[in-house]
There are 2 protein chains.
Amino acid sequence: MPRYIYLNGQYVPPSHASIHPEDRGFLFGDAVYEVIGCIHGHLADETGHLDRLERSLSELHMPMPVERETLRFLMREVLRRNNQKNAAIYIQITRGAAKRDFKFPAPDTPQTLMIIPYDFNFDEQAAVHNGVKIKTTNDIRWKHRDIKTVLLLPQSMAKQNAVDNGADDAWMVDPDGFVTEASASNAFIVKDSKIITRPISHDILRGITRTAIEKLCHESNMALEERKFAPQEAYEADEAFNTSATSLIVPVISIDDHQIGNGKRGKIAKFLYDEYRAYAEGLRGKQVHWEPGL
Amino acid sequence: MPRYIYLNGQYVPPSHASIHPEDRGFLFGDAVYEVIGCIHGHLADETGHLDRLERSLSELHMPMPVERETLRFLMREVLRRNNQKNAAIYIQITRGAAKRDFKFPAPDTPQTLMIIPYDFNFDEQAAVHNGVKIKTTNDIRWKHRDIKTVLLLPQSMAKQNAVDNGADDAWMVDPDGFVTEASASNAFIVKDSKIITRPISHDILRGITRTAIEKLCHESNMALEERKFAPQEAYEADEAFNTSATSLIVPVISIDDHQIGNGKRGKIAKFLYDEYRAYAEGLRGKQVHWEPGL
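This is a predicted model, so every value here is computed, not measured.

Chemist: Mind laying out the overall build of chain A, listing which residues take part and the relevant values?
Modeler: A tally of helices and strands in chain A yields eight helices and 15 strands. Here chain A has a C-alpha radius of gyration of 19 Å; the compact-globule value for 294 residues is 19 Å, and the two agree. For chain A, the residues scored as buried account for 59% of the 294 residues in total. Taking as baseline every contact in chain A between residues at least 6 positions apart, the subset at least 24 positions apart corresponds to 69%. Total accessible area on chain A stands at roughly 11,900 Å², and carbon and sulfur atoms take up 48% of it. Across chain A, the 36 positively charged side chains and the 41 negatively charged ones have centroids separated by 2 Å.

Chemist: I'd like to hear about the domain arrangement of chain A, residue by residue, with values.
Modeler: Residue and element names in this part refer to chain A. Entries for chain A in the domain assignment read domain 1 (5–119) and domain 2 (126–280). If you average the C-alpha positions of domain 1 and of domain 2, the two centres end up 26 Å apart. Counting residues at the interface gives 23 residues for domain 1, matched by 19 residues for domain 2. The largest contributions to the domain 1 side of the interface with domain 2 come from Tyr 33, Asp 45 and Arg 52, which together make up 36% of the buried area. Of the charged contacts, one joins Asp 146 and Arg 55 as a salt bridge, the two residues approaching to 2.8 Å between their closest N and O atoms. Sorting the residues of the side of domain 1 that touches domain 2 by element identifies β3 (31–39), α2 (46–59) and β5 (87–94) as the ones contributing at least two each. Here the side of domain 1 that touches domain 2 takes seven residues from β3, the largest share from any one element.

Chemist: Which residues make up the packing of helix α6 (residues 208–219) of chain A against helix α8 (residues 267–280) of chain A, and what values go with them?
Modeler: Residue and element names in this part refer to chain A. Two elements in contact, α6 and α8, have axes whose closest approach is 11 Å; the angle formed by their N-to-C orientations is 105°. When the interaxial angle is binned, α6 and α8 end up roughly perpendicular. Note on element contacts: α8 touches α6 through Leu 272, Glu 275, Tyr 276 and Tyr 279, opposite Thr 209, Ala 212, Ile 213, Lys 215, Leu 216 and Cys 217. Of the residues that constitute the contact of α6 with α8, the class distribution is seven nonpolar, one polar and two charged.

Chemist: How would you sum up the relation of the copies chain A and chain B? Please name residues and give values.
Modeler: Expressed as a screw transformation, the operator carrying chain A onto chain B has a rotation angle of 180° and an axial translation of 0.0 Å, and the superposed copies differ by an RMSD of 0.0 Å. Such values leave the two copies arranged in the relation of a two-fold axis. Comparing interface residues between copies, 100% of those in chain A also sit at the interface in chain B, which points to an isologous, same-surface contact.

Chemist: Quick rundown of the sheet that holds strand β1 (residues 5–7) of chain B? Include the residues and the values.
Modeler: Residue and element names in this part refer to chain B. Strands sit in the order β2-β1-β6-β5-β3-β4 across an open sheet of six strands; the sheet is antiparallel. For this open sheet the edge positions go to β2 (10–12) and β4 (42–43), each flanked by a neighbour on one side alone. With eight bridges joining them, strand β3 (residues 31–39) and strand β5 (residues 87–94) adopt antiparallel strand pairing. Bridge pairing links Tyr 33 to Gln 92 in β5. Contacts from helix α2 (residues 46–59) reach β3, β4 and β5 within the one sheet, and its direction differs from that of β3 by about 175°.

Chemist: Give a description of helix α3 (residues 68–82) of chain B that names residues and reports values.
Modeler: All names here are of chain B. Compared with an ideal rise of 1.5 Å per residue, which puts 15 residues at 21 Å, α3 spans 22 Å between its outermost C-alpha atoms and is within 8% of the ideal. Listed as buried for α3 are Leu 71, Leu 74, Met 75, Glu 77, Val 78, Leu 79 and Asn 82. Positioned one or two residues after α3, Asn 83 has a phi angle of 55°, which is positive.

Chemist: Account for the pattern of salt bridges, with residues named and values stated.
Modeler: All names here are of chain A. Per the stated rule, a full pass over the model turns up 62 salt bridges over all chains. Linking Arg 24 and Asp 30 is a salt bridge whose minimum nitrogen-to-oxygen distance equals 2.7 Å. Asp 30 carries the same exposure label as Arg 24, and that label is buried. Taken together, the shared-partner salt bridges in this structure form one network comprising Asp 139, Arg 141, Arg 145, Asp 174, Asp 176, Glu 181, Arg 198, Asp 203 and Lys 228.

Chemist: Let's hear about the interface of chain A and chain B: which residues, and what values?
Modeler: Often, the extent of an interface is quoted as the loss of accessible area on bringing the components together. Each partner contributes residues to the interface: chain A has 55 residues there, and chain B has 55 residues. When chain A packs against chain B, close to 4,600 Å² is buried across both sides, 70% of that on carbon and sulfur atoms. Summed over the shared surface of chain A and chain B, the result is zero salt bridges. At the junction of chain A with chain B, the criterion picks out 18 residue pairs in polar contact (both at pLDDT 80 or more). Mapped onto the side of chain A that touches chain B, the elements with two or more residues apiece are α1 (24–28), β3, β5, β6 (112–119) and α5 (153–164) of chain A. Ranked by the residues each element gives to the side of chain A that touches chain B, the list is headed by α5 of chain A, at eight residues. Among the residues making up the side of chain A that touches chain B, the classes are represented as 29 nonpolar, 13 polar and 13 charged.

Chemist: For the packing of aromatic side chains, give the residues involved together with the corresponding values.
Modeler: Residue and element names in this part refer to chain B. Inspection of the entire model under this criterion finds 14 aromatic pairs over all chains. Between Tyr 6 and Tyr 11 the ring centres are 5.4 Å apart and the planes differ by 65°, which places this aromatic pair in the edge-to-face class. Pairing Tyr 276 with Tyr 279 gives two aromatic rings, centres 5.6 Å apart and planes at 50°, and the pair type is tilted. Taken together, the residues Tyr 276 and Tyr 279, both in helix α8 (residues 267–280) and three residues apart, mark about one turn of the helix.

Chemist: Mind laying out the nonpolar core, listing which residues take part and the relevant values?
Modeler: Judged by nonpolar contacts, the single largest core of 58 residues is most densely connected at Ile 89 and Ile 115 of chain A together with Ile 89 and Ile 115 of chain B. Each residue touching Ile 115 of chain A, except ones within four places of it in the same chain, is listed here: Ile 5, Tyr 6, Leu 71, Leu 74, Met 75, Val 78, Ile 89 and Tyr 90 of chain A.

Chemist: Could you give me a rundown of the sheet that holds β3 of chain A, with the residues and numbers involved?
Modeler: Residues and elements named next belong to chain A. Read across the open sheet, the six strands follow the order β2-β1-β6-β5-β3-β4; overall the sheet is antiparallel. Of all strands in the sheet, those bounded by a partner on one side alone are β2 (10–12) and β4 (42–43). Contacting β3, β4 and β5, α2 crosses the sheet at an angle of about 175° to β3.

Criteria and thresholds
- Residues numbered from 1 in each chain as written.
- Chains lettered and ligands numbered in written order.
- Predicted model: local features only at pLDDT ≥ 70, side-chain atom pairs only at ≥ 80, totals over all residues.
- Heavy atoms only, no water.
- Helix = DSSP H or I, 4+ residues; strand = E, 2+ residues; numbered from the N terminus.
- Rg over C-alpha atoms; globule rule 2.2 N^0.38 Å.
- Buried < 20%, exposed > 50% of the residue type's maximum accessible area, 1.4 Å probe, protein only.
- Contact = heavy atoms within 4.5 Å.
- Areas by Shrake-Rupley, 256 points an atom, 1.4 Å probe, with all protein chains shown as cover.
- Lys, Arg positive; Asp, Glu negative; His and termini not counted.
- Charge placed at Lys NZ, Arg CZ, Asp CG, Glu CD.
- Domains from an automatic or database assignment.
- Buried area = accessible area lost by both parts, 1.4 Å probe.
- Salt bridge = Lys/Arg side-chain N within 4 Å of Asp/Glu carboxyl O.
- Axes fitted to C-alpha atoms, helices over the stretch in contact; angles between N-to-C directions.
- Parallel < 35°, antiparallel > 145°, perpendicular 65-115°, else oblique.
- Nonpolar A, V, L, I, M, F, W, Y, C, P; charged D, E, K, R; others polar.
- Least-squares fit on C-alpha atoms with pLDDT ≥ 70 in both.
- Pairing = 2+ DSSP bridges.
- Expected span 1.5 Å × (residues − 1).
- Polar contact = N/O pair within 3.5 Å; in protein donor to acceptor, adjacent residues only side chain to side chain.
- Phe/Tyr/Trp six-rings, centres within 6.5 Å; stacked < 30°, edge-to-face > 60°.
- Core = buried A, V, L, I, M, F, W, Y, C linked by side-chain atoms within 4.5 Å.

The following block contains the structure:
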């Protein structure tokens, strides 16, 4: 934990931070969150994350507890107080604390706003270079996965199940037989230089990094196909990877013990990682074109 | 809130109770709960609730944080300190606080155990006598509703939606077109003296009060049919009711604006309520037989 976190108007050491026993985040999972990477001092895709945060809140009929500009300031201020340049900024907003009742509390109930800036070294992520092993598992989540709530127990169970079976992460599979996403990232496969990922719907979370990848593919003239794919198709892929705000683009080197490609980080995963890093750090001035023969 | 709640080894005033910001109940919904009624000093169906608590924990690969006998003592002690004879005892157990990670934390991570004994007057529940209006809504929950987790946002949204539409509670309807349960209780209908309720599966929580009703029906020679029913069938029912640990047996007087029976508490709901009250308070010595002509 960092020296200070932000909680409800105060910058406090974690040991002094206290969540109310009746906070609706704790009793009902009535809360949304975001994770924003601060990479070498740059808040990666900040606008996209704050847009999605506002959308999640709106879907649950919750207001923003502070103005967007205030939230931007609070993130920077808690980083400054911790003297952090590299962090995974965790933001959680709940409907506040109120006597336990399934009905929403009075609209003037003060919401909980918590910001934990975890130290995070983006330059030394073994998984980005070595890749991860995936185990597929049934997707047992609720039906509004497009809202970034803290109803994360199913994802936690999926990841733990993967780890218990010698893998690093899970790909969840819907009753339709198609992959939805990883426990906390979007799932992609690559076949014949085509990048394939599940289309946006209520079935998956619209990843902010996923959206940036869409854009990068477009700008780099890479073929991106938004369609469902099954584990069987993924086993035969040339490459596979996951995207998220912290691990960015992580190669998948095996799925259910089927080796993907040569079992190492693929060219497209590396290209997209390098491009995304440059974009996220504000260093990407010009458009870069992907050469399939690279 | 009562004067004291129990939290992690201490009896504390609620204002002094503090949940860790990284408690997995708060970050992931990684927690289970129970609500046990204390009616005139009797813990209603205590064994059933503790059995289900142990089952929920076991399904999530969590141990009991204390021995069952200790938990029984803690409930009584917090009631004693509050001088309470009538309470809804809320118990929540989480996997504890640990650095945010979808993987489960180390097994020796101290779990969180919280007991809040809410003041609750079982003798003055308007809904038990006047009934409630129901609005049906899509059941959007995850697939393990048989585990009593705090992933309750969908139920909270369902209830709030019902209230926003002039009803008191929601009946959730699965994609199969059949009613699963109410936001926090099991759903029943009665037709031609037959009591109908959805069979036990992963689709619903096995209510402790529901189980007692099963037993009471059997002992009283009342016909109980465990099968699915659709809203359309419910609209035509002679009676309908919900069962839970706090509201016990609550008559349903309308469903989607269709009046049920004569729009008042029905005979069977009243009979079962009286029987259950006697059973819950340990006053039910002899078997009672239901006379359909009553």
